[in-house]
Each structure stands twice: as structure tokens, then as C-alpha cells.
Amino acid sequence: LEHSPVPITVHSEGKVVLINSRAISVLRGESPEQFIGQPIIKFIHPDSRAQAMERVEKLYAGAETAPFMEQKFICLDGTEIVTEVTATTVELEGKRSSQVVFNDITERKEAERVLKESEKGYRTLIESSPVPIMVHINEEIVLINSRAVEVFRGNSAKDFIGMSVWKLIPPESI
């Protein structure tokens with residue numbers, strides 16, 4: 001547990017009973033004492049609490065594992081992070097407990113958000129261009145603007161999406 005490169009905590013009866021150094025670091029703490037004995041709900045963001053507590057109840061009631069899912073956590077300094085978390089049932093000092101393994105995916109989620117915004121801007125630029133533009137991946141049309149639809153005498157972009165780009169090029173031009 002202690003030497004694991006991934007954050008791990010163990011809770012029993014709703015309170016943290018073990019935490020490794022990686023989890024302490026990710027949750028912006030300095031020592032296990034800041035976490036041991038604390039209610040787990042303290043570290044779960046309000047947006048994720050109902051879902052997290054439902055999973056905890058299932059584990060305490062007999063489920064062996066809780067599959068990976070995204071949950072928001074609250075660090076000791078109040079910072080909110082997005083995690084990918086799973087849990088499994090363990091026996092600790094004769095009590096049914098839950099071992100929680102998680103990864104901080106906050107940076108990845110932010111990168112995905114920025115990428116979506118960028119893609120939205122790119123799509124808007126293409127769609128509003130007066131120049132015919134068609135985007136293809138592996139020769140399959142994935143995006144075509146209204147000017148290109150007009151040039152190729154289609155009714156809508158749907159007429160072209162999924163089509164081989166080669167169908168639009170006369171054989172004598174190849």
C-alpha cells in the first residue's frame with residue numbers, strides 16, 4: 001500500500017483508516033494524521049456525494065468491487081479535483097472495509113475541454129467559409145461545408161458524410 005505509485009485509501013465505517021503517501025500528496029496533505037479518522041464524505045465533492053455514498057453502501061453490504069468511474073474530490077486545501085476511482089472490499093481488523101484506488105484526471109479533463117472548444121471553433125470556421133472545404137480521414141468524408149455541398153450539387157452535408165472522397169473525383173482526373 002505505502003509504496004504504490006497510485007493513490008490508495010482504505011475506509012471503514014465511513015472513516016479513513018489507511019492512506020498511502022501518494023494519496024496524501026494528491027489530496028494536498030502532508031501526513032496521514034490529517035486524514036485518518038476523518039469521514040470520507042469530507043473528501044467527496046457535493047456533486048459526487050450521492051453517487052459515491054451509494055457505491056460505499058453497496059460495498060459495505062457485500063459487493064466485491066465498484067467499477068471505475070469519475071468523481072470529484074475535495075483536497076485538504078479546498079481544491080476540487082476530478083478523479084477516476086474504483087474500490088474493492090477488504091477485511092481489516094475483522095471489519096468489512098473498502099480499499100479505494102484513484103487517479104487525479106483533472107488536467108486530462110481540462111485538456112479535453114480545451115480540445116472540444118478548439119474543435120468547435122475550427123468547425124465554425126470551416127462551416128462559415130465561402131470557399132468549398134471538405135475534411136476527410138482515411139479517404140472518408142467527415143466534414144463538408146455548405147459551399148462544398150453546393151459545388152458538388154448535394155442537398156445537405158449528410159449526402160456526403162461517410163462517403164469516399166474518391167467518389168467526388170472524376171476518374172479521368174486521377
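Residues numbered from 1 in each chain as written. Predicted model: local features only at pLDDT ≥ 70, side-chain atom pairs only at ≥ 80, totals over all residues. Heavy atoms only, no water.

A.B. asks: Please explain the pattern of salt bridges as it appears in this structure.
C.D. replies: A side chain with one charge may pair with a side chain of the opposite charge, provided their charged atoms come close. The final tally for this structure, using the stated rule, is eleven salt bridges. Taking the shortest distance from any N to any O, the salt bridge between Glu-70 and Lys-109 comes out at 3.0 Å. Here Lys-109 lies in helix H3 (residues 106-128) and Glu-70 lies in strand E3 (residues 65-74), a separation of 39 residues in the sequence. Judged by relative accessible area, Glu-70 falls into the partly exposed class, the value being 38%. Among the ionic pairs, Glu-84 bridges to Arg-108, the shortest N-O distance being 4.0 Å. With a gap of 24 residues between them, Glu-84 in strand E4 (residues 80-92) and Arg-108 in helix H3 connect regions that are remote in the sequence. When its relative accessible area of 26% is taken as the criterion, Glu-84 is described as partly exposed. Overall, the relative accessible area of 40% leaves Arg-108 in the partly exposed class. Through salt bridges with shared partners, a single ionic network connects Glu-70, Glu-84, Arg-108, Lys-109 and Glu-112. (Salt bridge = Lys/Arg side-chain N within 4 Å of Asp/Glu carboxyl O. Helix = DSSP H or I, 4+ residues; strand = E, 2+ residues; numbered from the N terminus. Buried < 20%, exposed > 50% of the residue type's maximum accessible area, 1.4 Å probe, protein only.)

A.B. asks: Explanation requested: empty space enclosed by the protein in the structure shown.
C.D. replies: Over the atoms, a rolling probe the size of a water molecule traces out where space has been left empty. A full pass over the atoms with the stated rule returns one cavity of 30 Å³ or more. In this structure, the largest cavity occupies an estimated 290 Å³ of space. Along the walls of the largest cavity sit 21 residues, with Thr-9, His-11, Ile-44, Phe-73 and Val-100 positioned nearest its centre. Of the residues forming the lining of the largest cavity, the biggest block, four residues, is contributed by helix H2 (residues 46-61). Residues that form the lining of the largest cavity fall into these classes: 15 nonpolar, five polar and one charged. (1 Å grid on protein atoms, 1.4 Å probe; cavity = no way out; pocket = protein on both sides within 12 Å on 5 of 7 lines; lining within 4 Å. Points joined across faces, edges and corners; volume = space filled by probe spheres on them. Nonpolar A, V, L, I, M, F, W, Y, C, P; charged D, E, K, R; others polar.)

A.B. asks: What's the story with the nonpolar core in this structure? I'm lost.
C.D. replies: One recurring pattern in soluble globular proteins: nonpolar side chains tend to sit buried together. Membership of the largest hydrophobic core comes to 19 residues, with the highest contact counts inside it found for Val-16, Ile-19, Leu-27, Phe-35, Phe-73, Ile-81 and Phe-102. Taken together, the elements giving at least two residues each to this core come down to strand E2 (15-19), helix H1 (21-26), H2, E3, E4 and strand E5 (95-104). Leaving out residues up to four positions away in the same chain, Phe-35 has contacts with Val-16, Ile-19, Ile-24, Leu-27, Gly-29, Phe-43 and Leu-76. Formed by seven residues, the second largest nonpolar core is a distinct cluster that contains Ile-144, Val-149, Phe-160 and Val-165. (Core = buried A, V, L, I, M, F, W, Y, C linked by side-chain atoms within 4.5 Å. Contact = heavy atoms within 4.5 Å.)

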